[in-house]
Amino acid sequence: MNHLRIPGVLVVLAASVAVIGCGKKEEPKTAAPAAAPAAAAPAAKPEMVVKIGHVAPLTGPIAHLGKDNENGARLAVDDANAKKIEIDGKVIKFELLGEDDQADPKTGTVVAQKLVDAKVAGVVGHLNSGTTIPASAIYNQAGFPQISPSATNPKYTEQGFKTAFRVMANDIQQGSVIGVYAVKDMGAKKIAIIDDRTAYGQGLADEVEKAAKANGATIVAREFTNDKATDFKAILTKIKAKNPDVIFLGGMDAVGGPMLKQMKELGIKAKFTTGDGGCSPELIKLAGPASEGVICSQAGLPVDKLPNGQKFVADFTKKYGQIQIYSPYSYDAVMVLIDAMKRANSVDPAKYLPEVGKTAYDGVTGKIEFDEKGDIKNGAITVFEIKDGKLVTLKSEGGAMAAAAAPAPAAAAPAAAPAPAPTPEAKK
Amino acid sequence: MNTRIRKSGPGRQHWWALLLIGAVLLAVPFVAALGGQAWVRIANFAILYVFLALGLNIVVGYAGLLDLGYVAFYAVGAYVYALLASPHFGIHLPFWVILPLGAALACLFGVLLGSPTLKLRGDYLAIVTLGFGEIIRIFLNNLNAPINVTNGAQGITLIDPIRIGDFSFAQTSIILGVSVSGPQKYYFLLVALAIMIIIINVRLQDSRVGRAWQAIREDEVAAKACGINTRNIKLLAFAMGASFGGVAGGVFSAMQGFVSPESFSLMESITILAMVVLGGMGHIPGVILGAVLLTALPEALRYGIQPLQQALFGRMIVDPESLRMLVFGLALVLVMRFRPAGLWPSSQRRRELAESAD
Amino acid sequence: MDTLLQQLINGLTLGAVYALVALGYTMVYGIIGLINFAHGEVVMIGTMVAFTVIVALAGSGMPPLVVLAIGLLVSVLVCMVLGWALERVAYRPLRHAPRLTPLITAIGMSIVLQNVAMIIWGRNYITFPPMIDKKIYEVGGASFTNVQVAIVTLAALVMLGLIYLVHRTRIGMAMRATAQNPHVASLMGVDINRVIAMAFIIGSALGAVAGCMVGSYYEIAHYQMGFMLGLKAFTAAVLGGIGNLAGAMAGGLLLGVIEALGAGYIGDLTGDFLGSHYQDIFAFIVLIIVLMFRPSGLFGERTGDRA
């Protein structure tokens, strides 16, 4: 009951902010230059502040994922600062500028510009493809690297920007692994596919459909919902009538949770599979016992199996609590930036940008290397099953495995799967 | 009609005022750039919203038709530009072809929406227009199959910036020894368009059509009795309002280089309506003020809240992001509470209010 | 056939929730002609409060049904106070303002409530603790749960109670009088302010009940859940003829069924061109068609120009 008293305080507080807040817009002008020349520190070794931007939605329906991303990046910055990294003879103090793009493309570009103005050395973000793509043009012009920990829309890296990278397998890579897994390992003959009509859900579902068809399964139903919906009984009833072996959802955990419960209420026995957006502890929390037996995939290797990963999980949970989905990737994205700076022995984007492309870094999500476009090379995909309320690793389709699996759907639908051979215009 | 314009047209004092406004408009992008190019971008969005708010003002402010789906026309304009100037279909038409085309198509959609809803009044109209806005958005989101028209939720990338010959609006270039960035160039383009739209609005307001709209707003039955063809005049309001939205959409596409349906949500329609009402419905300077304020306020709060909390309490008590929207909502409530006719209502409207309050 | 039956059951449950929320819109609109955009947020607060109470009492050893009842009661009370406060603080001063002014206030309030809820209850989705052991029944190949039965029954009871209140009690009579003509009603000794406040309070109480239903049906809550729900319910209210109680109920049920059947069958009928990806617009299309032929909704009378 105690926290019910908060609103009153807030209203007063907010009202006072409203009055004064408007007059405050000139502030950053003085703040930004003040922070930059902090290089001249009186310490024995000269210290230098390097700013790294981070963008994700911190308000709105997927704000919890945005905060998770930011926390991952923040942990990386703290870890790097603890190591007292030296570049070009100076001890570097990294600083994270966390921004909120509200998952809105328009705000995304304003925030991107704000980071350019603040002269960050690089950006980790954005979370959604919808904001990542318009912002990438701005970062490209400013000439510093952008690494998205979670934008999976293939178009992001197909624009020919040499500053755009991602540490997350794109939809094509991930979709084909799940599609093949459903047919080969789960023995599915009839598959029903649902997507949430977001760029992510649609992209992933299309790839799963292609891969499943190429491997001989039939798609008995293709249904749709939206990312704010909570009632799925109408489409589930329709799917039930088609009697599929496997149901795949291209969507987030907030959709998957209630959907699983409603499947149970309708007596649907089909196995449920989903991609990384639903492969989270949140799904288990939201679906409860109905999540038992769910098969889902995440890009990268299982975090807790890697030596670096275990430490990350322990540190992160201690500091911020439960990992949602993408924080390990935003952690790695920051580390990749710092690693490139170290190799170039410079924090100047013009100097270290080429090094980002040559990254070979052992991150908490696995080995990170980029291809010509900036996509993660041979992005490993791990398949999980939910057992006793925990995500249990079934298998990892790492490196060579993923490469072998990819050409199969490509042969079946050559027009739609440009992943294996980068198109000529991709390179600027 | 001509005499009227001359009478209310610029006198000697007005010329000075206009000159001053001109000088300020010229200086804005360079002054804003001192605080960072982000502020120039914010200024650009503010002007874009001025377009939208002025367009909606014709429908809501002049003709008194509550439209909650205005964003649909914005979306139509944006997609027309995106489809005709991007690698999606491999078509790259110049902007001076597409912008009028977008306006025309948006105009057509305005009539399409208007015709079945003419009989409806007030809040029934509101919900139908709201539905119309959602219908357009959902179609844009789903028209990637069976034929890929809009590329669905993935959106359309690599849209051409506005280009005149070799002069591209996307890059920084040196003009007369001054370095002008991409956003600054768009700023001048937007201001030019805005001036055009404002002139059209002022002329409309004082024209026969404008008076007919106001007559319908005040009393539709009486207007009809006076021989006004209410059906055509209402349709005209929808069509005019929609075409402004179409132009705004086209510029938005070019500026962003990327469009996807998520930019055209219901919340956007509501924000534009809030601008019109907050500023002062039916009053052009008020509407402009509303648009500029509501675009700048959330951004100012983005910059302001964090340092302010630090200064007041020495630490962060509440996430600045959570507070930003909260303050925005409170501002809407408070302005409406203390200035129910908007921040800057027309003098006529203010008088009416004073009368009805008795 | 069993699929059709199942779709109807799905639609009716959803529709019962829509109907309850729609009543909140229609009560306020019927009396002062205001679209209370913040009503969806009141429903959300109702869900959240019930959630907090239930979680707090879950370990107390009380029987689950008692905990549920207390949760419902507290949430109804909180929402009643909230509804009253909304009216008193935000809308009453604007009673004579231009028509769109209170609408913008309502939108502002809805943003405020959402963000306050986000600060209190956080950004994450919240799982509503299942208090009733779910039992699944099967009839004729269609399945439904005891929670669904409870929702539909409770909704029906609440609606009957509301009709009784409006048509058989003094305050109900005062409400109807105010809706007809506030001026005359006040001359007849009706305290207009009290009546309007009551409309908000009752509407919010209904919203809280609906919120608890949504919470226990979907077992999930989020600070933005009120927006879409409110929008759908508002559509339902207009479909039935806004300002008309029976209309709101019918509109709600109809909307639920349309959505379920639309998602279930339109895709097959149109060769998958209009599949379930258009689920959210079926309701609007039906609404537009209905309003073209009956401009005041299904049950609305042809009143003069409200606006």
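Residues numbered from 1 in each chain as written. Chains lettered and ligands numbered in written order. Predicted model: local features only at pLDDT ≥ 70, side-chain atom pairs only at ≥ 80, totals over all residues. Heavy atoms only, no water.

Caption draft 1: Quick look at the pattern of salt bridges. Residue and element names in this part refer to chain A. In this structure the tally under the stated criterion is 35 salt bridges over all chains. A salt bridge links Arg222 to Asp206; its shortest N-O distance comes to 3.0 Å. On the criterion of sequence distance, the pair formed by Arg222 in strand β8 (residues 218-224) and Asp206 in helix α7 (residues 199-214) is long-range, its members being 16 residues apart. Across the pair Lys285 and Glu282 runs a salt bridge, and its minimum N-O distance is 3.8 Å. Within this pair, Lys285 and its partner Glu282 are both found in helix α10 (residues 281-287), separated by three residues, close to a single helical turn. (Salt bridge = Lys/Arg side-chain N within 4 Å of Asp/Glu carboxyl O. Helix = DSSP H or I, 4+ residues; strand = E, 2+ residues; numbered from the N terminus.)

Caption draft 2: Seen up close, the pairing of strand β9 (residues 246-250) of chain A. Residue and element names in this part refer to chain A. The buried fraction of β9 amounts to five of the five residues, a majority that puts the element mostly inside the structure. Burial of the side chains of β9 extends over both faces: Val246, Phe248 and Gly250 are buried on one face and Ile247 and Leu249 on the other. Relative to β9, strand β7 (residues 190-195) is paired through five bridges, and the arrangement is parallel. Each bridged residue has a counterpart across the sheet, and for Ile193 the counterpart in β9 is Phe248. (Buried < 20%, exposed > 50% of the residue type's maximum accessible area, 1.4 Å probe, protein only. Pairing = 2+ DSSP bridges.)

Caption draft 3: The arrangement of the state of the cysteines in detail. For the coordinates displayed, the defined rule picks out one disulfide over all chains. For Cys279 of chain A, the disulfide goes to Cys296 of chain A, at an S-S distance of 2.1 Å. One disulfide, between Cys279 of chain A and Cys296 of chain A, carries an S-S torsion of 55° and so falls in the right-handed class. With Cys279 of chain A in the loop between β10 (271-274) and α10 and Cys296 of chain A in strand β11 (residues 295-299), the pair connects residues that are 17 residues apart, well separated along the chain. In this structure Cys79 of chain C is a free cysteine whose sulfur lies 7.8 Å from that of Cys212 of chain C, the closest cysteine sulfur available. (Disulfide = S-S within 2.5 Å.)

Caption draft 4: Region of interest: the nonpolar core. Of all hydrophobic cores here, the largest spans 228 residues; its most connected members are Phe51, Tyr81, Leu273 and Leu332 of chain B together with Leu20, Leu23 and Trp121 of chain C. Residue contributions to this core peak at 19 residues, all from helix α3 (residues 37-62) of chain B. Ignoring anything within four residues of it in the chain, the contact list for Leu23 of chain C reads Met159, Leu162, Leu206, Leu245, Ala248 and Met249 of chain C. Counting residues in hydrophobic clusters, the runner-up holds 69 residues, among them Ile191, Val303, Leu353 and Ile376 of chain A. (Core = buried A, V, L, I, M, F, W, Y, C linked by side-chain atoms within 4.5 Å. Contact = heavy atoms within 4.5 Å.)

Caption draft 5: Structural detail: the UniProt feature "transmembrane region" (unreviewed entry) in chain B. In the numbering used here, UniProt assigns the "transmembrane region" (unreviewed entry) feature to residues 43-63, 70-89, 95-115, 122-140, 186-204, 235-258 and 270-301 of chain B. Strand forms 10% of residues 70-89 of chain B and helix 70%; the C-alpha atoms that close the span are 27 Å apart. (UniProt positions renumbered as here; feature names shortened; annotations may be inferred.)

Caption draft 6: Molecular detail of the interface of chain A and chain C. Facing 38 residues of chain A, the contacting portion of chain C comprises 40 residues. The residue Lys134 of chain C makes a salt bridge to Glu265 of chain A at a minimum N-O spacing of 2.4 Å. Viewed at the interface, chain C and chain A are joined by 10 residue pairs in polar contact (both at pLDDT 80 or more). Tallying contributions element by element places helix α8 (residues 233-242) of chain A first for the side of chain A that touches chain C, with seven residues. In terms of residue class, the side of chain A that touches chain C is built from 15 nonpolar, nine polar and 14 charged. (Polar contact = N/O pair within 3.5 Å; in protein donor to acceptor, adjacent residues only side chain to side chain. Nonpolar A, V, L, I, M, F, W, Y, C, P; charged D, E, K, R; others polar.)

Caption draft 7: The side chain of Thr273 of chain A, seen in detail. Residue and element names in this part refer to chain A. Inspection of the secondary structure puts Thr273 in strand β10. By relative accessible area, Thr273 is classed as buried at 2%. When near neighbours in sequence (up to four residues on either side) are disregarded, Thr273 contacts Met186, Val246, Ile247, Phe248, Leu249 and Ile295.

Caption draft 8: Broad picture of a nonpolar patch on the surface. Residue and element names in this part refer to chain B. Among the surface-exposed residues, Trp15, Leu18, Ile21, Leu25, Ile195 and Ile199 lie close enough to one another that they form a single nonpolar patch of about 570 Å² accessible area. Examining the composition of the nonpolar patch, we find that four residues originate from one element, helix α2 (residues 12-34), more than from any other. Tracing the backbone through its elements, the reader meets Leu25 in helix α2. A residue is classified by how much of its surface remains accessible, and Leu25, at 30% relative accessible area, is partly exposed. (Patch = residues over 30% accessible without salt bridge, like charges linked within 9 Å, V, L, I, M, F, W, Y side chains within 5 Å. Areas by Shrake-Rupley, 256 points an atom, 1.4 Å probe, with all protein chains shown as cover.)

Caption draft 9: View of the packing of aromatic side chains. In total, this model carries 22 aromatic pairs over all chains according to the counting rule given. Seen in terms of ring centroids, Phe139 of chain B and Tyr278 of chain C are 4.7 Å apart; in terms of plane orientation they differ by 40°. Their pairing is tilted. Pair noted here: Phe139 of chain B is in helix α6 (residues 122-142) and Tyr278 of chain C is in the loop between α10 (245-269) and α11 (279-293), and the two residues belong to different chains. By relative accessible area, which is 25% here, Phe139 of chain B ends up partly exposed. You can call Tyr278 of chain C buried: its relative accessible area is 0%. Through a chain of ring-to-ring contacts, three or more aromatic side chains come together here, namely Phe312, Phe316, Tyr320 and Tyr331 of chain A. Sitting above the plane of the Phe45 of chain B ring, Lys106 of chain A keeps its charged end 5.9 Å from the centroid. (Phe/Tyr/Trp six-rings, centres within 6.5 Å; stacked < 30°, edge-to-face > 60°. Lys NZ or Arg CZ within 6 Å of the ring centre and 35° of its normal.)

Caption draft 10: A look at the side chain of Thr178 of chain C. Residues and elements named next belong to chain C. Mapped onto the elements of the fold, Thr178 is located in helix α6 (residues 170-180). Relative accessible area serves as the criterion here: at 1%, Thr178 is assigned to the buried category. Here the side chain of Thr178 touches Ala174 through a polar contact of 2.7 Å, landing on its backbone oxygen. What Thr178 contacts, discounting residues up to four positions off in sequence, is Ile31, Ala185, Val190, Ile192 and Val195.

Caption draft 11: Expanded view of the packing of α3 of chain B against helix α10 (residues 230-256) of chain B. All names here are of chain B. In the contact formed by α3 and α10, the axes pass within 7 Å of each other and the chain directions differ by 165°. Between α3 and α10, the angle is such that the two are roughly antiparallel. Crossing hand, α3 versus α10: left-handed. Contact residues: Asn44, Phe45, Leu48, Phe51, Leu52, Leu54, Gly55, Ile58 and Val59 in α3; Ala237, Phe238, Met240, Gly241, Phe244, Gly245, Val247, Ala248, Val251, Phe252, Met255 and Gln256 in α10. Here the contact of α3 with α10 is composed, by residue class, of 16 nonpolar, five polar and no charged. (Axes fitted to C-alpha atoms, helices over the stretch in contact; angles between N-to-C directions. Parallel < 35°, antiparallel > 145°, perpendicular 65-115°, else oblique. Left-handed = near helix turned anticlockwise from the far one by under 90°.)

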